[in-house]
Amino acid sequence: MKQSIGVSERLFPCPVMVVGTYDEHGEPNVATLSWGSTASSGPQSVSIAVRPSRYTFEALQRTKAFTVNLPSIEHAAAVDYFGIVSGRDEHKLEATQLTPVRGEFVDAPYIAEFPFCMECKVTHVIDLGVHSLFIGAVQDIKVDETFMNDQGIFMWKAAKILTFDSTLRAYRAPGELIGDAFSIGKKYIAT
């Protein structure tokens, strides 16, 4: 039997996304978000949810560009810091000694030390109430070649991409491989 726990934003696991933008002075800023996902496979798009009160919201509205950086577990403390202080008050990348790199395809910075980055152009903004959902068309993806296999596939587990457990409000490491998608379910297909 299931027990009702009410309404909540709990969904696990969520990738920890560090969103990069430029502020009104052209300075790189980053914010930690856990509410985002793939939005479309054609055109390839991602979504990020941002509160209008956040410094990043202003930059998104102005530049119509952002990066989604996926950190490895070794950067968990820096990522947490990015989410608890505002770019209005502190230079987050300077404090953590992480390196901003100007995007090649959009007017937004990515973080050199993080193993995965998407450069995105804002195509839609949807006001949802407390948050607004920004949809970004992916213009390019950059990955650390250290984590590419011989077939050119990015190895998420090897990169130790950080995830967020919203139920416990905790960071987690990637889990074990259970099976291949679009394959293990074939046992139920009648032949």
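So, how was this worked out
Residues numbered from 1 in each chain as written. Predicted model: local features only at pLDDT ≥ 70, side-chain atom pairs only at ≥ 80, totals over all residues. Heavy atoms only, no water. Buried < 20%, exposed > 50% of the residue type's maximum accessible area, 1.4 Å probe, protein only. Helix = DSSP H or I, 4+ residues; strand = E, 2+ residues; numbered from the N terminus. Salt bridge = Lys/Arg side-chain N within 4 Å of Asp/Glu carboxyl O. Core = buried A, V, L, I, M, F, W, Y, C linked by side-chain atoms within 4.5 Å. Contact = heavy atoms within 4.5 Å. Polar contact = N/O pair within 3.5 Å; in protein donor to acceptor, adjacent residues only side chain to side chain. Pairing = 2+ DSSP bridges. Axes fitted to C-alpha atoms, helices over the stretch in contact; angles between N-to-C directions.

Asker: Which residues make up helix α1 (residues 55-63), and what values go with them?
Answerer: For α1, the set of buried residues is Y55, T56, F57, A59 and L60. Following α1 by one or two positions, K64 adopts a phi angle in the positive range, close to 55°.

Asker: Residues and numbers for the pattern of salt bridges, please.
Answerer: Pairing between side chains of opposite charge can happen when the charged atoms of each approach one another. For the structure shown, the criterion picks out 6 salt bridges. Across the salt bridge formed by R102 and D107, the nearest N and O atoms sit 3.3 Å from each other. Taking the relative accessible area as the measure of exposure, D107 reaches 38% and is therefore partly exposed. For R172, the salt bridge is made with D165, and the minimal N-O distance between the two is 3.0 Å.

Asker: A description of the nonpolar core should follow, citing residues and the corresponding values.
Answerer: Core analysis: the largest hydrophobic core is formed by 21 residues, its most contacted members being I48, F66 and V68. Looking at this core, the element that brings in the most residues is strand β9 (residues 116-127), giving 4 residues. In this view, I48 contacts M17, V19, L33, W35, G36, L60, F66, V68, S132, L133 and F134; residues no more than four positions away in its chain are not counted. Residues V16, V30, A78 and L98 belong to the second largest nonpolar core, which totals 14 residues.

Asker: Please set out the environment of E27 residue by residue, giving values where relevant.
Answerer: Among the secondary structure elements, E27 is positioned in the loop between β2 (17-22) and β3 (28-33). Considered as a pair, E27 and A158 are 131 residues apart in the sequence and their alpha carbons are 32 Å apart. Leave out the neighbours within four places in its chain, and E27 touches T21, Y22 and H91.

Asker: Give a description of the side chain of T67 that names residues and reports values.
Answerer: By the element assignment, T67 lies in strand β6 (residues 65-70). Only 2.5 Å separates the side chain of T67 from the backbone oxygen of P109, close enough to count as a polar contact. In this structure T67 touches V18, V19, G20, A108, P109, Y110, C117, M118 and E119, once residues within four positions along its chain are discounted.

Asker: If you had to explain the sheet that holds β6 to someone new, which residues and values would you point to?
Answerer: Strand order in the open sheet formed by 7 strands is β3-β2-β6-β9-β10-β5-β4, with antiparallel pairing between adjacent strands. At either margin of the open sheet sits one strand with a lone partner, and together these are β3 and β4 (36-41). Within the sheet, the average angular offset between the axes of one strand and its neighbour, ignoring direction, is 35°. Across 6 bridges, the pairing between strand β5 (residues 44-50) and strand β10 (residues 132-143) is antiparallel. Paired with V50 across the strands is S132, a residue of β10. Its contacts with the sheet place α1 against β2, β3, β5, β6, β9 and β10, and it is angled at close to 55° to β2. On the sheet, helix α2 (residues 76-84) packs against β2 and β3 and is oriented at approximately 100° with respect to β3.

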